[in-house]
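Summary of structural features
Now for the letters of each chain:
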Protein chains: 2
Amino acid sequence: MKVEHKIWLADRGKAFGKGPFMIMKAVMMTGSLRQAAISLGMSYTKAYQTIRTCEAHLPFKLIETQTGGALGGGSYITPQGKDLMEAFEGFQMAADLVLDDLYQVHLGPLFEPMVLLKEDACVHD
Amino acid sequence: MKVEHKIWLADRGKAFGKGPFMIMKAVMMTGSLRQAAISLGMSYTKAYQTIRTCEAHLPFKLIETQTGGALGGGSYITPQGKDLMEAFEGFQMAADLVLDDLYQVHLGPLFEPMVLLKEDACVHD
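Please read these numbers as outputs of a predicted model, since none were measured by experiment.

1. Things to note about the pattern of salt bridges
Within this structure, the stated rule accounts for 10 salt bridges over all chains. The salt bridge involving glutamate 55 of chain A is made with arginine 52 of chain A; its shortest N-O contact spans 2.5 Å. Pair noted here: glutamate 55 of chain A and arginine 52 of chain A are both in helix 3 (residues 44–57), with a separation of three residues, about one helical turn. Among the salt bridges present, the one from arginine 12 of chain B reaches aspartate 11 of chain B, with a minimum N-O distance of 3.7 Å.

2. Side note on the interface of chain B and chain A
Interfaces are often described in size by the accessible area the parts lose on coming together. At the junction of the two partners, chain B supplies 32 residues and chain A supplies 32 residues. Counting each side, the surface lost to burial between chain B and chain A is near 2,700 Å², with a carbon and sulfur contribution of 79%. Seen at the junction of chain B and chain A, the total is five residue pairs in polar contact (both at pLDDT 80 or more). Listed by contribution, the elements that provide at least two residues to the side of chain B that touches chain A are strand 1 (2–10), helix 4 (79–106) and helix 5 (108–111) of chain B. A total of 13 residues in the side of chain B that touches chain A trace back to one element, the largest contributor, which is helix 4 of chain B. Class assignment of the residues belonging to the side of chain B that touches chain A gives a composition of 23 nonpolar, four polar and five charged.

3. Considerations on the environment of glycine 31 of chain B
Residue and element names in this part refer to chain B. Its location among the elements puts glycine 31 in the loop between helix 1 (18–30) and helix 2 (33–39). The spatial distance from the C-alpha of glycine 31 to the C-alpha of arginine 12 is 30 Å, given a sequence separation of 19 residues. Each residue touching glycine 31, except ones within four places of it in the same chain, is listed here: Ala26, Gly74 and Ser75.

4. Regarding unusual backbone geometry
The phi dihedral of arginine 12 of chain A falls on the positive side, at around 50°, and the residue is not glycine. Locating arginine 12 of chain A in the fold gives a position in the loop between strand 1 (2–10) and strand 2 (14–16).

5. Observations regarding the sheet that holds strand 1 of chain B
Overall, antiparallel pairing links the four strands, which are arranged 2(A)-1(A)-1(B)-2(B) in an open sheet. The open sheet has two free edges, formed respectively by strand 2 of chain A together with strand 2 (14–16) of chain B, since each of these has just one partner strand. Between one strand axis and the next, the sheet turns by 60° as a mean value, whatever way the strands run. Sheet analysis places strand 1 of chain A next to strand 1 of chain B, joined by nine bridges and oriented antiparallel. Paired with alanine 10 of chain A across the two strands is lysine 2 of chain B, which belongs to strand 1 of chain B. Its contacts with the sheet place helix 4 of chain B against strand 1 of chain A together with strand 1 and strand 2 of chain B, and it is angled at close to 145° to strand 1 of chain B.

6. Digging into the relation of the copies chain B and chain A
When chain B is fitted to chain A, the residual RMSD is 0.0 Å, and the transformation amounts to a turn of 180° plus an axial shift of 0.0 Å. Such a combination of rotation and displacement between the chain copies is what one expects of a two-fold axis. When each C-alpha of chain B is compared by its distance to the rotation axis, lysine 6 of chain B comes out closest, at 2.7 Å. Mapped onto chain A, 100% of the interface residues of chain B are again interface residues, and the two copies thus contact each other with one and the same surface.

7. Here we look at the confidence of the model for chain A
For chain A, per-residue confidence averages 88 on the pLDDT scale, and 86% of positions sit at 70 or higher. Here the predicted complex scores 0.79 on pTM and 0.80 on ipTM.

8. Notes on the packing of aromatic side chains
All names here are of chain A. Under the counting rule described, the total for this entry stands at 10 aromatic pairs over all chains. With a centroid separation of 5.1 Å and an interplanar angle of 90°, the aromatic rings of phenylalanine 16 and phenylalanine 88 are classed as edge-to-face. Taken together, the residues phenylalanine 16 in strand 2 and phenylalanine 88 in helix 4 (residues 79–106) connect sequence positions 72 residues apart. No difference in accessibility class separates phenylalanine 16 from phenylalanine 88, as the two residues are buried. Put simply, the rings of Phe16, Phe21, Phe88 and Phe91 pair up and form one aromatic cluster. When the ring centre of tyrosine 44 is taken as origin, the NZ or CZ atom of arginine 34, which lies over that ring, is 4.1 Å away.

9. Focus on the pairing of strand 1 of chain A
Note on strand geometry: in a regular strand, side chains alternate between the two faces of the sheet. All names here are of chain A. As paired elements, strand 1 and strand 2 share two bridges and run antiparallel to each other. Bridging from a neighbouring strand, leucine 9 pairs with phenylalanine 16 of strand 2. From the end of strand 1 to the start of strand 2, which pair antiparallel, there are three residues, and arginine 12 there has a positive phi angle of about 50°.

What counts as what
Residues numbered from 1 in each chain as written. Chains lettered and ligands numbered in written order. Predicted model: local features only at pLDDT ≥ 70, side-chain atom pairs only at ≥ 80, totals over all residues. Heavy atoms only, no water. Salt bridge = Lys/Arg side-chain N within 4 Å of Asp/Glu carboxyl O. Helix = DSSP H or I, 4+ residues; strand = E, 2+ residues; numbered from the N terminus. Contact = heavy atoms within 4.5 Å. Buried area = accessible area lost by both parts, 1.4 Å probe. Polar contact = N/O pair within 3.5 Å; in protein donor to acceptor, adjacent residues only side chain to side chain. Nonpolar A, V, L, I, M, F, W, Y, C, P; charged D, E, K, R; others polar. Pairing = 2+ DSSP bridges. Axes fitted to C-alpha atoms, helices over the stretch in contact; angles between N-to-C directions. Least-squares fit on C-alpha atoms with pLDDT ≥ 70 in both. pLDDT = per-residue confidence, 0-100. Phe/Tyr/Trp six-rings, centres within 6.5 Å; stacked < 30°, edge-to-face > 60°. Buried < 20%, exposed > 50% of the residue type's maximum accessible area, 1.4 Å probe, protein only. Lys NZ or Arg CZ within 6 Å of the ring centre and 35° of its normal.

Here you go:
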């Protein structure tokens, strides 16, 4: 038995979560929202709408798109978008650890009593 | 901005979460899975299948049903089911508190910098 979770930010609607995080990570790697969507097996429209929906609930933009130019345009993560990704990743990692600990305290004894009994037995060996 | 989450137990499939918890709470109040389903605006089949799916992933039963008898039968929560409900509720409450704290540490500064600035300003008043 293990604990699983899904965590997201909300402000009168979903503002950020693992989905948009993954899209932004792929944009960082590919330099393009279109390539990012392909690399995630997602339609461009779905990736675009996911990011735009978040931005409608956030006080800053996540991704800027440059069209044309010498390099043919592309997408990049805004500085505030990078800050949010970093903060969200730290938050997720801390949440994973803390929820695993809380699971052990509250629910572990219901599912792994045999392990505890064995350890008790060893003390008296 | 606030953090929202969904937490569940899994063991090669969803084993327990807020949905089954609510059904069990309603069974405790009504003494009947059928009445519990009605009070939650859910079909009996959906409530029954939710509980049975959990039980298939748990090492104990959650709800026992008595048919017939002087009182016309009904459903009740098993002792292990009660232990799980109590443990899950404690786990959820602890998780709520801890995730709010982690949100403040990791993400709060991105969304409420003005509050911090105001507090800083007061120090120098």
